Each structure stands twice: as structure tokens, then as C-alpha cells.
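Residue-level structural notes
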Amino acid sequence: MPRLLLLLGTALAVSLPALAQPSASAGTTATLGDPIFPGLGQAGLDVRHYDVALTVAEPGTARLSGVVTLTLTATRPLAEVRLDFLGPDVTAAHWNGQPVPFRPEAEAQKLVVVPPAPLRPGQEARLTVEYQGTAGAIFDPDFSPALRLGWQAVPAAADQPGSNFAFSEPNGTHAFLPSNDHPSDKATFTTRVTVPVGYTAAASGVEGPVVEGNGTRTFVFTQAQPIPTYALAVQVNRFERVVSPAVPVGVNGSPVARRDYSPAGTLDSTRTPYAHTDEMLRVLADWFGPYPFGAYGVAVVAPPLPALETATLSTMPPTTSERTAVHELAHQWFGDDVSPATWADVWLNEGFATYAELLWTETQGGDGQAVAARWHATLAQGGTRPLVATQAGQLFDRSAYRRGALALHALRAAVGDAAFRAFLHAYTARFSGRSLGTADLLAFARTQVGEAGAAALRTWVEAPELPPLPVLAR
Ligand code: ZN
């Protein structure tokens, strides 16, 4: 997918995200120059599709083998393809079917592949990488040191079988998948996961027929709309899979398939936060516009991690809340379908998803203004910052979530509910499948709600101090 959003036309004069400057040493070795993770990605590389075949022969261990075919193109001549990868050992690489040289650069967390001739702008190629061994471990920049991002291995214990799943945001996907591991390069995915009979695998997208092997099963999923690499769901467990009737809230009222996964033997109470998922889909589609993908549900995992908005299949810890459930669902629009251009812009995910909690509260008869007042009080007490993050520790902090949400509350207070809803619909329609920066949001707001609305938003984005609590006219 196009890495950088270039909006043409007179009405939409939108600036390029900060990311537009690739890191210093241009040429073919430049990374994407992300302000928070400068090592990620390759400038000029555009991965359009990942065909991922993973084999998990011993669930619960970090052992993994994979055959991944990337459909690539370039926006500048590339003499080398430098994928992010810190995964199992690579055993082969093929370029349009022909073996090609490759070398791991462990320090840089790269896999470098040398095509027979430089990849030219606009040219398409298929790069296949085969690997086998142990998934890499990527240190979480934010949370507990105990959280290693990427391929999670939950060992078998007396009360549970071994299981595996991806937990990757922000930069963990390349621990198990060679990729251009940055949200500015979104792609579609076909994911095939082969597991021993008795296990169930799940991944982002719509499920196809199961392929029976010799003591194995291969589960196949098609994610037809582009998503960021960090949002790819992969799950392996002895799951119970509960299918419910589709909900007609997709584009043009198309059905959204509903399926939820929880480990066999899960207590009913673990599923309570998801009891109203169908209504949440309706409420959020009403505010945000059509649900962007073909399916939605959750996969409950064993470890007490944060919840994560993996596309079409949110990853949920055993103990969580209805509020977190609606938050992760909202991320399907904001994060998975409309994505940040850089990690500095991640408040665009967290602020919108947090605001969905308030909107849900209102539809359940609660007091949204009181929710906003509580957010404001925690920021007043705990401190706050302008919304564009400047360091990794800010990516998922109080300001990204609550101040981000209050920025939207300020916009709503400035323009009223009808214009706010119209803005949200226009925003998701305009940026669906793309990545945008904070400046793009502000420019788009000016075109949609005028200077007063855009100014309300801008104050919350930029002010060094905490702006006053916005109050809805009622
Ligand atoms: Zn979130």
C-alpha cells in the first residue's frame, strides 16, 4: 500500500507526515526514519501483501517455522531489500522463484536480501523467505520488562495446554515475520497456520476451509483490507470457537462475520465483557461509519497482558472489562483501518478508541460528560503533554488515551453532535486503508468542520498545559 499519503486537489491541501524524511543516508539502506523507532522499515519499499505460512508443531514453545511470500514494489530503486526480522534462522530466500543471496544483520534486526537486479519503482516482485527455529524476543519499550513483544509462547501446565499467539504492538511482528514492520506500510495478508490435530489456529481476516494433513490441520485466513503489521492476529490454542449470526454493519450494510475464541473450559464469566459485542458493533458503526472488515470477535489468551486490537480478532486477557472490549473494537476503525503514519502519532489510535468508551457509556444510559470530567481530573493531577509523542514511554500513556479522547470531546463540544458524527464518518471514509499523521487530521478537520472546530482540536493537540474541560451543550 502507498506508504505516504499524498492528497491531491485543492480542497484537501494536506501536508506529508513527518515520516516523509527518510533517515539521513538516503540510498537504498535508509530506514523509514520513524521519530520513535528510527531503525524500523526501509525507505522506498512497499509491501503490498504477505502470504504467511506458519507451522507450529509444538504449541507452547517458541519453536516456529515459516514460509512467507511478500509481494513487493518500490518507490525508488532498491539494490537491496532490508526487511525487519529478528526471527528464526532463515534457510532460503527466493526472488520471483529464483534463489537469491540473503544475510541477517542481527544488530539492526534486519534480513537483507539481494535481488538479481535492483527493484525499480513501480515494478512488482515476489520475495519468499523460509525460516525455522526460535522466534526472536523484542523488548517492550513501554510496559513491564516481563513483556516481550512478538511471538508469545505459553508453556503447557497442569490446567492448560501450551499455546502461542502474536502480541506485537508497537514493533514486535518482526520477531516472527520478516516484514516492513511499520504502520505506514500497510498490507493485506493471507495467513495459513498449521498445528497438530486437536489445536485450533486463528488469524486476522475471514476464515477459509480447514486443510487436513497428516496429524495436522491448516487453518487459512484472508485479510483483504490492508492493516499495519503490528495488528496481525495469530492464535494457536485448544480453543472453543463460538460462531454467532453476522451483523450487517459492514460497508453498504454487508454482513460482519462473528466468531469468538476462548480456551476450552473457559468460565462463562470470562466471556461477560463480550456479551454485547453485536450492539457495540451497531453503536460504533453509527458513530464512526461502516465497520471496515469482514469479521469481528475476540480471542482470549492466558497471560495477563494488556488487551490488543489485532485486526478482526482482538487479543484479550482473561480478566478485562466491557469498557476495554468496546475500546478494542473501536481500534478496528482507528488503528487497524485508519492507521498512524508514525509512532509519534499513535494518539490517533488511542484517543479515538478511548473516546468510544464514552460514546458507549452514553448509549448505556451513563453520563458521558462525567466520564470526560474524570479523564480531565486524572490529567490535571497526573500531568499531561502535547499529543504528538516524543519518546517510546509516551506511546501508551495517560495523555495518549485520555487527552487524546478529550481532544475529540472538545471538537464535539465545539461543533455539536450531528457535525461531530459527520466528521467521524468522513474521516474514516477518507483515510480507510491508509496511514495519516497528526497534521493531516488537523488539515482534514479544517475542511470538514471549519476553523472553530479545527482550532478546538488543535489546542488539545498542541498546548503545553492542560486545556479546560470541554462541556457539551445540552
Ligand atoms: Zn487502545
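Residues numbered from 1 in each chain as written. Predicted model: local features only at pLDDT ≥ 70, side-chain atom pairs only at ≥ 80, totals over all residues. Heavy atoms only, no water.

For the chain, an unreviewed UniProt entry supplies the name Aminopeptidase N and the organism Deinococcus carri.

Description of the overall build of the chain
Scanning the chain for helices and strands turns up 7 helices and 24 strands. Rg of the C-alpha trace for the chain: 22 Å, near the compact-globule value of 23 Å for 474 residues, within the 12% margin. Across the 474 residues in the chain, those meeting the buried criterion constitute 58%. Considering only intrachain contacts with a sequence separation of at least 6, the fraction spanning at least 24 residues in the chain is 69%. Carbon and sulfur atoms form 56% of the exposed surface of the chain, whose accessible area is close to 17,200 Å². (Helix = DSSP H or I, 4+ residues; strand = E, 2+ residues; numbered from the N terminus. Rg over C-alpha atoms; globule rule 2.2 N^0.38 Å. Buried < 20%, exposed > 50% of the residue type's maximum accessible area, 1.4 Å probe, protein only. Contact = heavy atoms within 4.5 Å. Areas by Shrake-Rupley, 256 points an atom, 1.4 Å probe, with all protein chains shown as cover.)

Overview of the sheet that holds strand β7 (residues 110-113)
Pairing is antiparallel in the open sheet, where 3 strands are placed in the order β3-β7-β6. Here the strands that pair on one side only, and so sit at the sheet edges, are β3 (81-84) and β6 (102-105). Taken pair by pair, the neighbouring strands of this sheet meet at an average axis angle of 20°, ignoring direction. (Pairing = 2+ DSSP bridges. Axes fitted to C-alpha atoms, helices over the stretch in contact; angles between N-to-C directions.)

Quick word on the environment of L149
By the secondary structure assignment, L149 is in strand β10 (residues 148-154). Its relative accessible area of 1% is what places L149 among the buried residues. The spacing of L149 and P170 is 21 residues in sequence and 8.2 Å in space, taken between C-alpha atoms. Apart from the residues within four sequence positions on either side, L149 is in contact with G136, I138, F139, D140, P141, F167, S168, E169, P170, N171, G172 and A175.

Considerations on the pattern of salt bridges
Scanning all chains against the criterion turns up 20 salt bridges. Salt-bridge contacts for E105 lead to R82; the nearest nitrogen and oxygen are separated by 2.9 Å. Here E105, found in strand β6, pairs with R82, found in strand β3; they are 23 residues apart in sequence, far enough to count as distant. Overall, the relative accessible area of 23% leaves E105 in the partly exposed class. R82 gets classed as buried once you look at its relative accessible area, which sits at 10%. Put simply, R412 and E362 hold a salt bridge, and the shortest N to O gap is 2.9 Å. Here R412 is found in helix α5 (residues 398-415), whereas its partner E362 is found in helix α3 (residues 347-363), with 50 residues between them in sequence. With relative accessibility at 23%, the residue E362 sits in the partly exposed group. Residues joined in a network through salt bridges with shared partners are E80, R82, R103 and E105. (Salt bridge = Lys/Arg side-chain N within 4 Å of Asp/Glu carboxyl O.)

Focus on the nonpolar core
Membership of the largest hydrophobic core comes to 126 residues, with the highest contact counts inside it found for F288 and Y427. The greatest single-element share of this core, amounting to 10 residues, is contributed by helix α7 (residues 438-462). If you count residues domain by domain, this core takes at least three from each of domain 1 (25-338) and domain 2 (340-462). Not counting chain neighbours up to four residues away, the residues in contact with Y427 comprise F334, V338, L348, F352, L436, L441 and F444. (Core = buried A, V, L, I, M, F, W, Y, C linked by side-chain atoms within 4.5 Å. Domains from an automatic or database assignment.)

Concerning the coordination of the zinc ion
In this structure, H327 (NE2), H331 (NE2) and E350 (OE) serve as the protein donors to the zinc ion, at separations of 1.9 to 2.0 Å. Counting residues between consecutive donors of the zinc ion along the chain gives the motif H-x3-H-x18-E. Separated by 23 residues along the polypeptide, H327 in helix α2 (residues 322-333) and E350 in helix α3 bring together distant segments of the chain. Just as H327 is buried, E350 falls in that class too. (Donors = N, O, S within 2.8 Å, 3.2 Å for Na, K, Ca; no water.)

Comments concerning the pairing of strand β11 (residues 163-167)
A large share of β11 lies buried, amounting to 5 of its 5 residues. Burial along β11 is two-sided: S163, F165 and F167 and N164 and A166, pointing in opposite directions, are all buried. Note that β10 and β11 share 5 bridges and pair antiparallel. When the bridges of β11 are listed, A153 appears paired with N164.

Focus on the UniProt feature "domain: Peptidase M1 membrane alanine aminopeptidase" (unreviewed entry) in the chain
Residues annotated by UniProt as "domain: Peptidase M1 membrane alanine aminopeptidase" (unreviewed entry) correspond here to residues 319-450. Secondary structure content for residues 319-450 is 68% helix and 3% strand, and the end C-alpha separation is 43 Å. (UniProt positions renumbered as here; feature names shortened; annotations may be inferred.)

Remarks on the sheet that holds strand β13 (residues 200-203)
If you trace the 5 strands from one edge of the open sheet to the other, you get β9-β10-β11-β17-β13, paired in antiparallel fashion. Edge positions in the sheet fall to β9 (138-139) and β13, since each of these pairs with one other strand and no more. Where β9 meets β10, 2 bridges bridge the pair, whose relative direction is antiparallel. When the sheet's bridge partners are listed, I138 is paired in β10 with L149.

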